[in-house]
Amino acid sequence: MIKRILNSNMSMSLLSNGATALLGFVNLGLIAHQFSKFDAGNWFMLLTVYTLLEMFRSGWVQTPFVRYFVVAANDEERSKLTGASWQLLLLFTLATAVLLSSLYFIRIDNNAFRLAKRFTILWLFSALPYQLLLWQLQARSEFKLLSIIRLIFPVGFTVLLLLRAKYNFSIEATVVWYALIQFLIGLAGVVFGWLHLGRWNTDLKTERKKLSNYGKFSMLTMITSSLLRSSDQFIIAFWLGPAAVAVYSIPQKLIEVIEIPVRSFASIAIPHATSLWQQEKIKELRLFFYRQCGLLTAIVLPMLLVFFCFPNFIVSLLGGSKYHQSTLLLQIFCFYAMLIPIDRYCGVLLDASHRPKKNTVKVVIMLVTNVSLDILALWIGTGIYGVAAGSTITFLIGIVMGWVQLKDILEVFTAKLFWHEGVSKSIKRLRGQPTL
């Protein structure tokens, strides 16, 4: 029984992403300790800009590719979808590179974007095969291999930062090595046959159109979701400068580490949720939602309690005493982090039930709300603490909207069902206990 549980997709994902979360803490601490606030702020802004653009191309291709791959009739259709996904991603990356190259000559006086101007294009190209490898493994439901590969990258980056502590190479060199690690993992995927090229020797116009038509909604949703996360940093960067970005990013990145298992479970959930919707198993889909959200809440709650009760220790351990302003921010972030599992799975169900437009509307309204609250907080003088508090209000609004959009599936929220099906039964299953 224990062996079967440990070999399940969910358990493998949980174990690998638990290790990834731990490495995320380590890497965050190494960056904060090894570099000044100025350099750390620049690093976080480069990561923010890159993530924003990566979400753009992921939204255009990843969600529709996984969805259509799962329901494809045969290997020929799947091969065509794979080839079309490569073509669309290459097209997007080249177009983005041209656009960013032209922006390079535009003078931006804000020092927070120094690294982003120079290295965003490099990161986009180097990460392309790596990202495609992850998407293809997800679509083929090869979650064990996916979990292993997801773990390789943070391990490689940890080793890089430990070497940097000894050899003291620059922040620019660290950026280049970061890109090289991702590229080599993607290259290994080609060598070992995990990353497929698909069909290219035929007209793929139909497949490209199919992916693009669905992807235009999921792209807007993902880019808006990314902006929802990064808008705080952009506004703080322009308003207060790179040092304030670093202070704000330390607790924010800690919360993002908690999101790692949420994202992983959501990626596993998409094929299964889509299948349940296709089979019109609405009751099973509703129970699936409660079980997944309950399990994730049970997983993240202990971590959030540690963060909330010992913020000074956590922040000092990761960033040192120079980030003492981040302690109250970490406590504020803990409140909205509790809402992340429900918000994320509302998005999963909207995509699985072929409602990308509604998901897009929800996230756009959340973005507008968040930006408005950010500007208001800085204007009235509450600073970065008011910006953090605004995020909690934004996510609460998003959950209410998502539930309303899914009322035919989720019906009225039932706390008893959430606890019994979500938290209690999921923990029992992990322990190998009966769930009757």
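Residues numbered from 1 in each chain as written. Predicted model: local features only at pLDDT ≥ 70, side-chain atom pairs only at ≥ 80, totals over all residues. Heavy atoms only, no water.

Enquirer: Give me the lowdown on the overall build of the protein, citing residues and values where you can.
Expert: Helix and strand counts for the protein stand at 17 helices and 0 strands. Residues counted as buried form 56% of the 436 residues belonging to the protein. Partitioning the intrachain contacts of the protein with sequence separation of at least 6 by distance along the chain shows that 84% fall at a separation of at least 24. (Helix = DSSP H or I, 4+ residues; strand = E, 2+ residues; numbered from the N terminus. Buried < 20%, exposed > 50% of the residue type's maximum accessible area, 1.4 Å probe, protein only. Contact = heavy atoms within 4.5 Å.)

Enquirer: Give a description of the pattern of salt bridges that names residues and reports values.
Expert: Tallying each qualifying case throughout the model produces 7 salt bridges. For D39, the salt bridge identified is with R114, shortest N-O distance 3.2 Å. Here D39 is found in helix 3 (residues 37-70), whereas its partner R114 is found in helix 5 (residues 114-139), with 75 residues between them in sequence. The exposure class of R114 is partly exposed, given its relative accessible area of 27%. For the salt bridge of R118 with E172, the shortest nitrogen-to-oxygen distance reads 3.8 Å. Separated by 54 residues along the polypeptide, R118 in helix 5 and E172 in helix 7 (residues 171-191) bring together distant segments of the chain. Through salt bridges that share partners, D39, R114, R118 and E172 make up one connected network. (Salt bridge = Lys/Arg side-chain N within 4 Å of Asp/Glu carboxyl O.)

Enquirer: Describe the state of the cysteines, naming the residues involved and giving the relevant values.
Expert: Enumeration according to the criterion identifies 0 disulfides in this entry. A disulfide-free cysteine, C293 has its sulfur positioned 6.9 Å from the sulfur of C346, the nearest such atom. Of the cysteine sulfurs around C309, a residue in no disulfide, the closest is that of C334, at 8.8 Å. (Disulfide = S-S within 2.5 Å.)

Enquirer: Let's hear about the nonpolar core: which residues, and what values?
Expert: In this structure, W43, W123, I255, F289 and F307 are the most contacted members of the largest nonpolar core, which totals 133 residues. Ranked by the residues each element gives to this core, the list is headed by helix 9 (residues 242-278), at 18 residues. (Core = buried A, V, L, I, M, F, W, Y, C linked by side-chain atoms within 4.5 Å.)

Enquirer: Explain the packing of helix 3 against helix 5 to me, using residue names and the numbers behind them.
Expert: Pairs of packed helices are described in terms of their axes, by the angle between the two and the distance that separates them. In the contact formed by helix 3 and helix 5, the axes pass within 8 Å of each other and the chain directions differ by 30°. When the interaxial angle is binned, helix 3 and helix 5 end up roughly parallel. As helix 3 runs across helix 5, the sense of the crossing is right-handed. Here the residues of the contact of helix 3 with helix 5 sort into 22 nonpolar, 7 polar and 4 charged. (Axes fitted to C-alpha atoms, helices over the stretch in contact; angles between N-to-C directions. Parallel < 35°, antiparallel > 145°, perpendicular 65-115°, else oblique. Left-handed = near helix turned anticlockwise from the far one by under 90°. Nonpolar A, V, L, I, M, F, W, Y, C, P; charged D, E, K, R; others polar.)

Enquirer: Pulling in residues and values, what's your account of a nonpolar patch on the surface?
Expert: Taken together, the side chains of W177, L180, F183, L184, L187, V190, V191 and F192 make up a nonpolar region of the molecular surface, amounting to roughly 770 Å² of accessible area. Of note, V191 is situated in helix 7. For V191, a relative accessible area of 63% corresponds to the exposed category. (Patch = residues over 30% accessible without salt bridge, like charges linked within 9 Å, V, L, I, M, F, W, Y side chains within 5 Å. Areas by Shrake-Rupley, 256 points an atom, 1.4 Å probe, with all protein chains shown as cover.)

Enquirer: Please give an account of unusual backbone geometry that cites residues and values.
Expert: In the Ramachandran plot, N168 falls in the positive-phi region, its phi being about 55° despite a non-glycine side chain. Inspection of the secondary structure puts N168 in the loop between helix 6 (143-167) and helix 7. Residue N168 is classed as exposed on the basis of its relative accessible area of 54%.

Enquirer: So what's going on with the packing of aromatic side chains? Which residues, and what values?
Expert: Inspection of the entire model under this criterion finds 17 aromatic pairs. When the centroid spacing of 5.8 Å and the interplanar angle of 45° are considered together, the rings of Y130 and F153 count as tilted. Here Y130, found in helix 5, pairs with F153, found in helix 6; they are 23 residues apart in sequence, far enough to count as distant. For the residue pair Y130 and F153, the accessibility class agrees, reading buried in each case. When the ring of F289 is compared with that of W403, the centres are 5.5 Å apart and the planes differ by 80°; the resulting orientation is edge-to-face. Pair noted here: F289 is in helix 10 (residues 282-309) and W403 is in helix 15 (residues 383-405), with a separation of 114 residues, a long-range link. Owing to a relative accessible area of 1%, F289 belongs among the buried residues under this scheme. (Phe/Tyr/Trp six-rings, centres within 6.5 Å; stacked < 30°, edge-to-face > 60°.)

Enquirer: Describe in detail helix 6, supporting the description with residues and values.
Expert: Relative to the 36 Å expected for 25 residues at 1.5 Å per residue, helix 6 spans 37 Å between its end C-alpha atoms, a close match to the ideal helical length. Here helix 6 has its buried residues at F143, L146, S147, I149, F153, P154, F157, T158, L160, L161 and R164. Two residues or fewer after helix 6 comes N168, characterised by a positive phi angle close to 55°. (Expected span 1.5 Å × (residues − 1).)

Enquirer: Account for the environment of L90, naming residues and giving values.
Expert: Here L90 is to be found in helix 4 (residues 75-103). In this structure the C-alpha to C-alpha distance between L90 and F125, which are 35 residues apart in sequence, comes to 8.8 Å. In this structure L90 touches L128 and W200, once residues within four positions along its chain are discounted.

Enquirer: Please give an account of the environment of Y248 that cites residues and values.
Expert: You can see Y248 is positioned in helix 9. By relative accessible area, Y248 is classed as buried at 0%. The spatial distance from the C-alpha of Y248 to the C-alpha of F44 is 10.0 Å, given a sequence separation of 204 residues. Looking at Y248, its side chain comes within polar contact range of the side chain of D232, at 2.7 Å. (Polar contact = N/O pair within 3.5 Å; in protein donor to acceptor, adjacent residues only side chain to side chain.)

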